[in-house]
Amino acid sequence: MPRSITPAKVGPLPMQWVNRILLAALLAFAIAYLPQHVATGGSAEDLARVEKEHAALRRGNERLQADIEALRAEIAALKRDPEEVARIAREDLNLIRPGEVVFEIRRDDKTKP
């Protein structure tokens, strides 16, 4: 009579193998993460420094935004008002219109009593 072969029963992994897998995963994490963490020194001082730099950059950006708005207002004024262009030409560039005469008054630093 031929004997029939029955397959072996395959059950859940024994606890011993599960523990080994978890230990290997923990060891892999420690090897991958800890050296970089120790080398970079991810400390509270670094975080404080970065937050301080971030705040300084935000303040700088706010100042630049205010400057941009002021320049946009000046551009709009120059586009709509020719007298504003003339004022800037006179004050900033020291230009005069044809036919105008400029009187320059110089004061001596030594004033006689």
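Just so it is clear, the model here is predicted, and its values are computed rather than measured.

1. Some points on the pattern of salt bridges
On inspection of all chains with the given rule, the structure shows six salt bridges. In this structure, the salt-bridge partner of Arg-49 is Glu-53, at a minimum N-O distance of 3.2 Å. Of the two residues, Arg-49 and Glu-53 are both situated in helix α2 (residues 44-80); the distance of four residues between them amounts to about one turn of the helix. The partly exposed category is assigned to Glu-53, whose relative accessible area is 41%. Several salt bridges share partner residues, and in doing so they unite Glu-84, Arg-87 and Glu-91 into one network.

2. Notes on a nonpolar patch on the surface
Side chains of Leu-23, Leu-26, Phe-29, Tyr-33 and Leu-34 sit close together on the surface and give an oily, nonpolar patch of about 530 Å² of accessible area. Mapped onto the fold, Leu-34 is located in helix α1 (residues 15-40). Residue classification places Leu-34 among the partly exposed residues on the basis of a relative accessible area of 42%.

3. Some thoughts on the packing of α2 against helix α3 (residues 82-91)
Relative orientation of the contacting elements α2 and α3 amounts to 110°, with a least axis distance of 5 Å. Considering the angle they form, α2 stands roughly perpendicular to α3. Of the residues in α3, those in contact with Glu-74, Ala-77, Leu-78 and Arg-80 of α2 are Pro-82, Glu-84, Val-85 and Ile-88. Of the residues that constitute the contact of α2 with α3, the class distribution is five nonpolar, no polar and three charged.

About the cut-offs
Residues numbered from 1 in each chain as written. Predicted model: local features only at pLDDT ≥ 70, side-chain atom pairs only at ≥ 80, totals over all residues. Heavy atoms only, no water. Salt bridge = Lys/Arg side-chain N within 4 Å of Asp/Glu carboxyl O. Helix = DSSP H or I, 4+ residues; strand = E, 2+ residues; numbered from the N terminus. Buried < 20%, exposed > 50% of the residue type's maximum accessible area, 1.4 Å probe, protein only. Patch = residues over 30% accessible without salt bridge, like charges linked within 9 Å, V, L, I, M, F, W, Y side chains within 5 Å. Areas by Shrake-Rupley, 256 points an atom, 1.4 Å probe, with all protein chains shown as cover. Axes fitted to C-alpha atoms, helices over the stretch in contact; angles between N-to-C directions. Parallel < 35°, antiparallel > 145°, perpendicular 65-115°, else oblique. Contact = heavy atoms within 4.5 Å. Nonpolar A, V, L, I, M, F, W, Y, C, P; charged D, E, K, R; others polar.

Structural measurements only, silent on function.
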